[in-house]
Structure formats: structure tokens, C-alpha cells
Amino acid sequence: MAIARLRGGPLDGQILPLQPGVDDSLIVPYGEGQLVYHRHGDDRHTGSGDGPTEGLFVYVEATEDINPDPDGRDA
């Protein structure tokens, strides 16, 4: 099993299972839209005995505005 380590954006620091066939972009549902992450660098831990393969994905954009206070309660 491979994992994706996310950097930046609202999911910074999260680790997700990486589905087979994911190449350079990872699109994750978030609220009403989606977050787009791009692969950064080479995968780590690609050997058979050093744990799961790990890819780093860096935040690029959101397809919708990300509003942590949609109802105005924190204003």
C-alpha cells in the first residue's frame, strides 16, 4: 500500500491512502468543491522492507472558495 503525505492547504499534514494509478495530481473532495495537490519529488520508501511507499503532494488550488466561517459566527 502507498500513502500520500499532503503539504499546504487545509489538509496540511494529513496522510491518505494512495490509490493505484495516481500519477502527478491528487484531487480530494473538500466541502462543496475539491482540493488539488501535485506530486513533489520522488517517492520515498520504495524498497520491499522499508515500510509503505510514500509520495509528497503539495497544495495547488481549491475549486471553490474555502471559508472556515460560512455562517459568520466567528466575526
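See the structure printed just above.
Cut-offs applied
- Residues numbered from 1 in each chain as written.
- Predicted model: local features only at pLDDT ≥ 70, side-chain atom pairs only at ≥ 80, totals over all residues.
- Heavy atoms only, no water.
- Pairing = 2+ DSSP bridges.
- Helix = DSSP H or I, 4+ residues; strand = E, 2+ residues; numbered from the N terminus.
- Core = buried A, V, L, I, M, F, W, Y, C linked by side-chain atoms within 4.5 Å.
- Buried < 20%, exposed > 50% of the residue type's maximum accessible area, 1.4 Å probe, protein only.
- Contact = heavy atoms within 4.5 Å.
- Salt bridge = Lys/Arg side-chain N within 4 Å of Asp/Glu carboxyl O.

Enquirer: Any details on the pairing of strand β3 (residues 25–30)? Residues and values, ideally.
Expert: Here β3 pairs with strand β4 (residues 33–39) via six bridges, running antiparallel. The residue bridging Pro 29 from the neighbouring strand is Gln 34, located in β4. Following β3, the chain reverses through two residues before pairing antiparallel with β4; Gly 31 in that reversal takes a positive phi of roughly 60 degrees.

Enquirer: Describe the nonpolar core, and please don't skip the residues or the numbers.
Expert: One broad trend across soluble globular proteins is that nonpolar side chains are buried collectively. Among the nonpolar cores identified, the biggest contains 10 residues, and these are Ala 2, Ala 4, Leu 6, Leu 11, Leu 18, Leu 26, Val 28, Leu 35, Tyr 37 and Phe 57. Secondary-structure elements contributing two or more residues to this core are β1 (2–7), β3 and β4. Broken down by element, this core gets its largest block of residues, three residues, from β1. If sequence neighbours within four positions are ignored, Ala 4 has contacts with Gln 14, Ile 15, Leu 16, Leu 18, Leu 26, Gly 55 and Phe 57.

Enquirer: Could you give an account of the pattern of salt bridges, naming the residues involved and the relevant values?
Expert: Note on pairing: side chains with opposite charge can pair once their charged atoms come close. Overall, the coordinates contain three salt bridges when judged by the stated rule. Arg 5 is paired through a salt bridge with Glu 54; the nearest N and O atoms lie 3.0 Å apart. Of this pair, Arg 5 sits in strand β1 while Glu 54 sits in strand β5 (residues 53–62), and the two are 49 residues apart along the sequence. Between Glu 54 and Arg 44 there is a salt bridge; the shortest N-O distance is 3.7 Å. Within this pair, whereas Glu 54 is found in strand β5, its partner Arg 44 is found in the loop between β4 and β5, the two being separated by 10 residues in sequence. Looking at Glu 54, the relative accessible area reads 9%, which means it is buried. The class for Arg 44 is partly exposed, based on a relative accessible area of 49%. The network of salt bridges with shared partners includes Arg 5, Arg 44 and Glu 54.

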